[in-house]
Protein chains: 2
Amino acid sequence: MATLKDIAKEAGVSIMTVSNVINGKYSKVSSKTITLIQELVKKYNYVPNLSARSLSMKSSKLIAVFINTYEVKQNLFKDPYISELFGELESLIRQYGYYAIIRSIETIENVSTILQNWNVDGAIFISQQTEEEMNQILKNSKCPIVFIDSYNKTNPKAIMVGVDDYKGGYIATKYLISNGHTNIAFAGCYSETNAIVSHRYQGYRKALKESGIPYNEKNLINTFTRYEDGVNIGRDIANRKYNISAVFAAADLFALGLIEGARINGCVVPNDLSVIGFDNLDLCSLVTPKLTTVSQNVKKKAESAVNLLLNAIKELPIPSQSITLDVQLEVRQTVQKLSN
Amino acid sequence: MATLKDIAKEAGVSIMTVSNVINGKYSKVSSKTITLIQELVKKYNYVPNLSARSLSMKSSKLIAVFINTYEVKQNLFKDPYISELFGELESLIRQYGYYAIIRSIETIENVSTILQNWNVDGAIFISQQTEEEMNQILKNSKCPIVFIDSYNKTNPKAIMVGVDDYKGGYIATKYLISNGHTNIAFAGCYSETNAIVSHRYQGYRKALKESGIPYNEKNLINTFTRYEDGVNIGRDIANRKYNISAVFAAADLFALGLIEGARINGCVVPNDLSVIGFDNLDLCSLVTPKLTTVSQNVKKKAESAVNLLLNAIKELPIPSQSITLDVQLEVRQTVQKLSN
DNA sequence: TTGTACGCGTTATCAT
DNA sequence: ATGATAACGCGTACAA
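Definitions and limits used
Residues numbered from 1 in each chain as written. Chains lettered and ligands numbered in written order. Predicted model: local features only at pLDDT ≥ 70, side-chain atom pairs only at ≥ 80, totals over all residues. Heavy atoms only, no water. Helix = DSSP H or I, 4+ residues; strand = E, 2+ residues; numbered from the N terminus. Rg over C-alpha atoms; globule rule 2.2 N^0.38 Å. Buried < 20%, exposed > 50% of the residue type's maximum accessible area, 1.4 Å probe, protein only. Contact = heavy atoms within 4.5 Å. Lys, Arg positive; Asp, Glu negative; His and termini not counted. Charge placed at Lys NZ, Arg CZ, Asp CG, Glu CD. Salt bridge = Lys/Arg side-chain N within 4 Å of Asp/Glu carboxyl O. Polar contact = N/O pair within 3.5 Å; in protein donor to acceptor, adjacent residues only side chain to side chain. Nonpolar A, V, L, I, M, F, W, Y, C, P; charged D, E, K, R; others polar. Pairing = 2+ DSSP bridges. UniProt positions renumbered as here; feature names shortened; annotations may be inferred. Near = heavy atom within 4 Å. Axes fitted to C-alpha atoms, helices over the stretch in contact; angles between N-to-C directions. Core = buried A, V, L, I, M, F, W, Y, C linked by side-chain atoms within 4.5 Å. Domains from an automatic or database assignment. Phe/Tyr/Trp six-rings, centres within 6.5 Å; stacked < 30°, edge-to-face > 60°. Lys NZ or Arg CZ within 6 Å of the ring centre and 35° of its normal. Least-squares fit on C-alpha atoms with pLDDT ≥ 70 in both.

Colleague: Tell me what's going on with the overall build of chain A, and back it up with residues and numbers.
Modeller: Across its full length, chain A carries 12 helices and 12 strands. Here the C-alpha atoms of chain A give a radius of gyration of 26 Å, more than 25% beyond the 20 Å that 2.2 N^0.38 yields for 340 residues. By its C-alpha atoms, chain A is 90 × 40 × 35 Å across when sized along the principal axes. Within chain A, buried positions represent 55% of all 340 residues. Put simply, of all contacts in chain A between residues at least 6 apart along the chain, 70% involve residues at least 24 apart. A gap of 6 Å separates the mean positions of the 37 positive and 32 negative side-chain charges of chain A.

Encoded structure:
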């Protein structure tokens, strides 16, 4: 409630002197007035009005976090990966003295509006954007933006943080092969615009090729990857729709659904079918059997994103425009060695 | 980038005319200038500066969402219940034309500062606060605040949304009794300051009493309720530390840990032990056996909270100061009928 | 229907 | 070391 003006009047000094003390510019103020003002600040519980500061400075200490909501009213925070990532980001943003403004978006039109509305200092996208979307967003915005889990080879303004999806697909498939599997399906939401899944798929293909296993296009199971979709695919597998002994699934939750769908229809994992997921959700070690999966370091992902963004905001040199984090295989209980 | 002034100059009218058009006050402007200005708004991609508006109006369209972080650096969004609730809140806040600013807090000192900093219009606490904390927060803040999952009988300024924890404890215990169980443990983080768990415990006691089952204080298992804590308690149970045939656990994740800990030590649920959880996380139906639990309607909780808050912000009459939502039992696979 | 003057709380610049 | 003034972009109140 108290303003600089109030404090200044009470102290018998000018507004600027108070402002300088508040902002720690002590070199311009005598130590006597400093202590006087500091006492008054405490007495009146003075708190700076950040709207006013933002207006004057043309910068707000706000960081916007955007998340796509493809279907209206869908709760994206039910996705454990998304919510964990968001939690890490919020924590870091706070620790660095910024404020997080969160926004789910249906179309990217809204993005630049929000950014301008609030003089946002920087933004982070936590769900995948297509190259085209990224370009449009970047064109209409002037603050630095970090994209998590997106791919963009052409736009030099795009700052990106992701994981080595290609390697993920590769090591998962390789592991299945090393366990004697040759009929291995890839299940995921495969499309031109889904770069993440495409990269995982390419890794899968590479592993097959390297081992001289001929590729069978029937083994590309193109599907949405919610839990329920997994149940459906699992049923199909149990019903011999595919001639496979193993599946590499592009998402954990989907993999769990698949296991359940197969089980219901008499196909038991890992005895009758081996499965590997992707993400390493906590959930993976809570279910039975525990899911073998490709893990990524979410905390590190968030740290990388915030560090890149803050450096860009402060116009410090960025070590690199994009960071690709490593992945590794978490071996648990859903892959069985084939003994024939 | 463009301001009212820019548009006004280009249109050859005053700033106020533009402002009126922007804010839809068409009654004060000729239709000719309206269309002219609307064209210019599009042409220059004019977006109002909300910092300036907030400064001038003393209100910001910002709603702060607070969440406690007891241990520094703990990621609270890994809790599926918290993240789902938050997702619903964010979605509603957006749909009602407000902006969500999210903040994890270590001490409640920070709360009123943030509220003042940004001229926040209203706030929501999504984790439990003690009565004392609530009172202090309310004393230092002037905007409406909704507390989710908190109890406060004395402060008339406190707006609250919660579930019927008492009933939850009651129906869970009652169900166990109706299945022939008489040695039933209550496991949770029981303390004076944890009103939620206290209420669930009181419901548990009521059910026992009603059925004439003598209360055994050894059956109150007071523990933190993370997954790992559940594993420890489950091991104890398997090792006959308690003389019980069933457990009502105050949190799902904890219940799952308990089941796992028991299993590892040779005590199989539901054959050797019956378990009921609380919250009905999605997770409950993904694990084996599927967890019987007390469910609450998270979506409705969020809607209630946002509705109460928005009414309070607009100084509309609030139907009631606090809303208690119903709970119900989700019968699944972790309770077995005792046949002796 | 349109325009003017002023205030919101802060910071930067330039004097003193 | 301290202060006066203008500026940030917008809305309210009142005047024309």
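Colleague: Provide a residue-level description of the interface of chain B and chain A, including the pertinent values.
Modeller: In this assembly, 51 residues from chain B lie in contact with 51 residues from chain A. Viewed at the interface, chain A and chain B are joined by eight salt bridges. Of the charged contacts, one joins D282 of chain A and K78 of chain B as a salt bridge, the two residues approaching to 3.5 Å between their closest N and O atoms. Seen at the junction of chain B and chain A, the total is 21 residue pairs in polar contact (both at pLDDT 80 or more). Listing elements by their share of the side of chain B that touches chain A, those giving two or more residues are helix 4 (50–57), helix 5 (80–95), strand 2 (99–105), helix 6 (109–117) and helix 11 (252–264) of chain B. Its residues placed into classes, the side of chain B that touches chain A shows 21 nonpolar, 17 polar and 13 charged. In the sheet, strand 2 (residues 99–105) of chain A pairs with strand 2 of chain B via three bridges, with the strands oriented antiparallel. Looking at strand 2 of chain B, one finds that A100 of chain A is bridged to I102 of chain B.

Colleague: Give me the lowdown on the UniProt feature "domain: HTH lacI-type" (unreviewed entry) in chain A, citing residues and values where you can.
Modeller: UniProt feature "domain: HTH lacI-type" (unreviewed entry): in the numbering of this structure it lies at residues 2–57 of chain A. With 66% helix and 0% strand, the stretch residues 2–57 of chain A has end C-alpha atoms that lie 20 Å from each other.

Colleague: How would you sum up the protein's contact with DNA strand C? Please name residues and give values.
Modeller: Around DNA strand C lies a shell of 29 residues, among which L4, S19 and Y46 of chain A together with S14 and K28 of chain B are the nearest. In DNA strand C, atoms within 4 Å of the protein come 73% from sugar and phosphate. L4 of chain A is positioned such that a nitrogen or oxygen atom in its backbone is 2.7 Å from a phosphate oxygen of DNA strand C. A distance of 3.1 Å separates a phosphate oxygen of DNA strand C from a polar atom in the side chain of N23 of chain A.

Colleague: Tell me about the sheet that holds strand 8 (residues 246–249) of chain A, and name the residues and values.
Modeller: Residue and element names in this part refer to chain A. Spatially, the six strands line up as an open sheet ordered 7-6-8-9-10-12, and their pairing is mixed. In this open sheet, the two strands that pair with only one neighbour each are strand 7 (220–222) and strand 12 (327–330). Each neighbouring strand pair of the sheet contributes to a mean axis angle of 20°, computed without reference to strand direction. Direction of pairing for strand 9 (residues 274–279) relative to strand 10 (residues 293–296): parallel, over a ladder of three bridges. What sits directly across from G277, in strand 10, is T293. In the packing of helix 11 (residues 252–264) onto the sheet, contacts are made with strand 6 (184–188), strand 8, strand 9 and strand 10, and the angle to strand 9 comes to roughly 155°.

Colleague: So what about the nonpolar core? Which residues, and what values?
Modeller: I126 of chain A together with I126 of chain B are the most contacted members of the largest nonpolar core, which has 118 residues in total. Excluding residues that lie within four positions of it along the chain, I126 of chain A makes contacts with V65, F66, I67, I82, L85, F86, L89 and I148 of chain A. Counting residues in hydrophobic clusters, the runner-up holds 46 residues, among them I105 of chain A together with I114, W118 and F125 of chain B.

Colleague: Describe the domain arrangement of chain A, with residues and values.
Modeller: For chain A, the assigned domains are domain 1 (4–48), domain 2 (62–163 + 298–325) and domain 3 (165–296). The gap between the C-alpha centroids of domain 1 of chain A and domain 3 of chain A is 64 Å.

Colleague: Quick one: what's the story with the protein's contact with DNA strand D, residue by residue and with numbers?
Modeller: In the neighbourhood of DNA strand D, 27 residues make up the surrounding shell, with S14 and S27 of chain A together with L4, M16 and Y46 of chain B lying closest. In the interface set of DNA strand D, defined as its atoms within 4 Å of the protein, sugar plus phosphate atoms amount to 76%. Separating a phosphate oxygen of DNA strand D from a side-chain N or O atom of T17 of chain A is a distance of 2.9 Å. Here a phosphate oxygen of DNA strand D and a side-chain polar atom of N23 of chain B are 3.3 Å apart. The greatest single-element share of the surface near DNA strand D, amounting to four residues, is contributed by helix 4 of chain B.

Colleague: An account of the packing of aromatic side chains is requested, with residue identities and associated values reported.
Modeller: All names here are of chain A. Within this structure, the stated rule accounts for 25 aromatic pairs over all chains. Between the aromatic rings of F77 and F86, the centroid separation amounts to 5.3 Å while the plane-to-plane angle is 80°, which identifies the pairing as edge-to-face. Side by side, F77 and F86 carry an identical accessibility label, which is buried. Aromatic ring contacts, followed pair by pair, group F186, Y190, Y201, Y204, Y215, F248 and F278 into a single cluster. Here K61 stacks its cationic end above the ring of Y98, 4.4 Å away from the centre of that ring. The ring of Y215 has R205 lying over it, and the distance from NZ or CZ to the ring centre is 3.6 Å.

Colleague: Explain the relation of the copies chain B and chain A to me, and be specific about the residues and the numbers.
Modeller: Of the two same-sequence chains, chain B is brought onto chain A (RMSD 0.1 Å, axial shift 0.1 Å) by a rotation of 180°. Such values leave the two copies arranged in the relation of a two-fold axis.

Colleague: Please provide a residue-by-residue account of the pattern of salt bridges, values included.
Modeller: Applying the stated criterion to the full structure yields 28 salt bridges over all chains. A salt bridge links K167 of chain A to D326 of chain A; the shortest N-O distance between them is 2.7 Å. Of this pair, K167 of chain A sits in helix 8 (residues 165–178) while D326 of chain A sits in the loop between strand 11 (322–325) and strand 12; the two residues are 159 residues apart in sequence, bridging distant segments of the chain. By relative accessible area, which is 27% here, K167 of chain A ends up partly exposed. Across the salt bridge formed by R226 of chain B and E228 of chain B, the nearest N and O atoms sit 3.9 Å from each other. Taken together, the shared-partner salt bridges in this structure form one network comprising K78 of chain A together with E84 and D282 of chain B.

Colleague: Residues and numbers for the UniProt feature "domain: HTH cro/C1-type" (unreviewed entry) in chain A, please.
Modeller: When the UniProt feature table is mapped onto this chain, "domain: HTH cro/C1-type" (unreviewed entry) is found at residues 3–47 of chain A. Overall, residues 3–47 of chain A shows 64% helix and 0% strand. The separation of its end C-alpha atoms is 8 Å.

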